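Overview (structure and organization)
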Amino acid sequence: MSKHGTKGPRERGIELLSVTMAIVLWQLVADLVVNNKFILPSFTDVLFAFIRIIEGGILFTDLAISLLHFGIGILSALLIGIPIGVAMGWFKIVNRALDPLIEIIRPIPPLAWIPFAIVWFGLTHTSAGFVVFVGAVFPVIINTFDGFKSVPKVYVEAAKVLGCMSSGSLIRYVALPSALPSIASGIRISMGVGWMCLVAAEMFGVSTNGLGYKIWWHYYLHQMDFVLVYMLILGFLGLFIDRLFRWYVDGQLLKWRAGVVV
Amino acid sequence: MGEVKVSGISVAFEKEEGESTLALDNVDLEIKDKEFVCFIGPSGCGKTTLLRTIAGLEMPDKGQITLDGGDITIPDSTRGMVFQEYSLFPWRTVIQNITFGPQMKGISKNKTLEVAEKYLKLVGLEQFRNSYPYELSGGMRQRVAIARALANEPKVLLMDEPFGALDAQTRNTLQKELLQVWAKYQITIVFVTHSVDEAVFLADKIVVMSARPGRIKKVINVDLPRPRERTSSEANELRNQLLKMLAEERRN
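Residues numbered from 1 in each chain as written. Chains lettered and ligands numbered in written order. Predicted model: local features only at pLDDT ≥ 70, side-chain atom pairs only at ≥ 80, totals over all residues. Heavy atoms only, no water.

**Considerations on the overall build of chain B**
Counting its secondary structure elements, chain B contains seven helices and 10 strands. Against the globule reference of 18 Å for 252 residues, chain B gives a C-alpha radius of gyration of 18 Å, in line with a compact fold. Across its three principal directions, the C-alpha atoms of chain B cover 55 × 50 × 35 Å. Pairs at least 24 apart in sequence give 67% of the contacts found in chain B among residues at least 6 apart. (Helix = DSSP H or I, 4+ residues; strand = E, 2+ residues; numbered from the N terminus. Rg over C-alpha atoms; globule rule 2.2 N^0.38 Å. Contact = heavy atoms within 4.5 Å.)

Written as structure tokens, this is what we have:
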């Protein structure tokens, strides 16, 4: 890249060429080498499958259901994770009390919670959201905590001599904005992890729609071209959500920082 | 009014495992209303600690500090402070930084803005009203920090080597501007510096401190007429006297 963010036409050309080459290679390998739609569907197979999905009109429902699961998980991770991180970062005693618990629970893989998700929430959207939540909540807690730990002392002191005295005001007016870059990158990580948990969360039958569920469904029908379409949709949607978030955070929330890299 | 009385202050800092260093040892000092006082001394002499104790950011282990007769125990808006490091809130624009103090006091938004605009004008940065701190030079940041402290209309302005990180020319300009502000608003200023030149140019009273544990070595009243000539023979004489005292301190 020439300068950060800006790409010349030459570099754009290289990127386009690379993607095109990959697609051509994929098509050739699938048609001439593998020649088995079950093991490796070709690019055109996937394209036709995609068109059929669009024609069927079911894609929109799948998207909406998946975003519902994802939204439940991420929102609850933020609503629970940020206050916990704030309390741990600001009050030493809360940190001492919660840190061991978090360190014990955190290494449990989110998917290991699926049985309890079913027992507690049944086969519901909330249940899938819960699995996403388990994956997403820890990066939020840890980054919020880190952000609060590294609030420069001089900002807190400057605020105090300007008459901002209570913990509540100091958190609201000083620590939270100062920690925002760290919290934002925590949210970004948690959205990545949450997105990965989504497929598994939809595989245990919480709903008959959803991108993750459809991967499983088409696998049972041995329609691997459809499986691949849903895989690619998951990938592109994840990328899109990440870009959208970065655009909002860098351009709106954190424009006070010079040369932001979230 | 802005009369500060420091009586018998001692401040100790805990090091590891029960050990502690005495930063200030039994310090007495009187600062009159509207006076410009400079603290000078070798590094580690406790001049910043004394200033921070007046701000209420450090608690004395012994002794008492009063402002116009009232005890100082915690920071509040009667004493404004300008820090050595850049302390502007980077997530707030220039004008939002200046409104911070009044906003905390619960003053209405319109009134807050009115006050802030006044002090923004005072430091001559109207065209940077909506800039973020990262867009400003060091000198501008400290100007905004001064405006931010003044917007709270404190009785005493505490300054901890505020121009220490600036280049010599910017420093001279800011010293002159500070004297104008002081003359205009008639507040007490307590100014920590390690620069003899700065102290001689600014102060009514120079408090020379000795190192570890911090004590007051000597209080010198400066009666050079204002506006002062940096290179006059009287200023030079005073500078020599101070330099000698500081050199003595370093030897000890």
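**Here's the deal with the UniProt feature "domain: ABC transporter" (unreviewed entry) in chain B**
UniProt feature "domain: ABC transporter" (unreviewed entry): in the numbering of this structure it lies at residues 4-236 of chain B. Span residues 4-236 of chain B is 33% helix and 27% strand, its end C-alpha atoms 30 Å apart. (UniProt positions renumbered as here; feature names shortened; annotations may be inferred.)

**Structural notes on the UniProt feature "transmembrane region" (unreviewed entry) in chain A**
Residues and elements named next belong to chain A. Here, the residues flagged by UniProt with the feature "transmembrane region" (unreviewed entry) are residues 16-34, 46-65, 71-91, 112-142, 154-175, 187-206 and 226-245. Secondary structure content for residues 71-91 is 95% helix and 0% strand, while the C-alpha to C-alpha distance between its ends is 30 Å. Split by type, residues 154-175 is 77% helix and 0% strand. Its first and last C-alpha atoms lie 11 Å apart.

**A short note on unusual backbone geometry**
With an omega dihedral of -5°, the bond running from R226(B) to P227(B) counts as a cis peptide bond. One non-glycine residue, N35(A), lies in positive phi territory at about 50°. With respect to the helices and strands, N35(A) occurs in the loop between α1 (9-34) and α2 (43-56). With phi around 40°, E161(B) is a residue other than glycine that occupies positive phi space. With respect to the helices and strands, the residue E161(B) is situated in the loop between β7 (156-160) and α5 (168-185).

**Things to note about the packing of aromatic side chains**
Here the structure, examined in full by the defined rule, presents 23 aromatic pairs over all chains. Taken together, a centroid distance of 5.8 Å and an interplanar angle of 45° make the contact between Y219(A) and Y220(A) tilted. Ring geometry for W256(A) versus W91(B): centroids 6.1 Å apart, planes at 70°, classification edge-to-face. On the criterion of chain membership, the pair formed by W256(A) in the segment after α10 (224-253) and W91(B) in the loop between β6 (79-82) and α2 (94-104) is interchain, its members lying in two chains. Here W256(A) falls in the buried class, since its relative accessible area comes to 10%. In this structure, R141(B) packs its charged tip against the face of Y86(B), placed 5.0 Å from the ring centre. Over the ring of F89(B) we find R148(B); its NZ or CZ atom is 4.7 Å from the centre of that ring. (Phe/Tyr/Trp six-rings, centres within 6.5 Å; stacked < 30°, edge-to-face > 60°. Buried < 20%, exposed > 50% of the residue type's maximum accessible area, 1.4 Å probe, protein only. Lys NZ or Arg CZ within 6 Å of the ring centre and 35° of its normal.)

**Brief notes about the domain arrangement of chain B**
All names here are of chain B. In terms of domain boundaries, chain B breaks down into domain 1 (1-78 + 156-163 + 187-252) and domain 2 (79-153). Each partner contributes to the interface: domain 1 provides 22 residues, whereas domain 2 provides 12 residues. Between domain 1 and domain 2 the total buried area reaches about 1,400 Å² when both faces are included, carbon and sulfur atoms providing 58% of it. Its largest share of buried area at the contact with domain 2, domain 1 owes to S77, L157 and D160, together 33% of the area lost on that side. One can count one salt bridge joining domain 1 with domain 2. Across the pair D76 and R79 runs a salt bridge, and its minimum N-O distance is 3.2 Å. Linking domain 1 with domain 2 are 13 residue pairs in polar contact (both at pLDDT 80 or more), by the criterion used here. Mapped by element, the contributors of at least two residues to the side of domain 1 that touches domain 2 are α1 (47-55) and β7. Sorting elements by how many residues they give to the side of domain 1 that touches domain 2 places β7 first, with five residues. (Domains from an automatic or database assignment. Buried area = accessible area lost by both parts, 1.4 Å probe. Salt bridge = Lys/Arg side-chain N within 4 Å of Asp/Glu carboxyl O. Polar contact = N/O pair within 3.5 Å; in protein donor to acceptor, adjacent residues only side chain to side chain.)

**Considerations on the domain arrangement of chain A**
Residues and elements named next belong to chain A. According to the domain assignment, chain A contains domain 1 (7-36) and domain 2 (38-253). Listed as interface residues are eight residues of domain 1 and, on the opposing side, nine residues of domain 2. For the pairing of domain 1 and domain 2, the buried interface totals around 760 Å² over both sides, and the portion due to carbon and sulfur atoms is 66%. The three residues of domain 1 that bury the most area against domain 2 are W26, Q27 and N36, which together make up 69% of that side's buried surface. Put simply, domain 1 and domain 2 have zero salt bridges between them. Our count for the domain 1 to domain 2 interface comes out at seven residue pairs in polar contact (both at pLDDT 80 or more). Class assignment for the residues of the side of domain 1 that touches domain 2 results in five nonpolar, two polar and one charged. (Nonpolar A, V, L, I, M, F, W, Y, C, P; charged D, E, K, R; others polar.)

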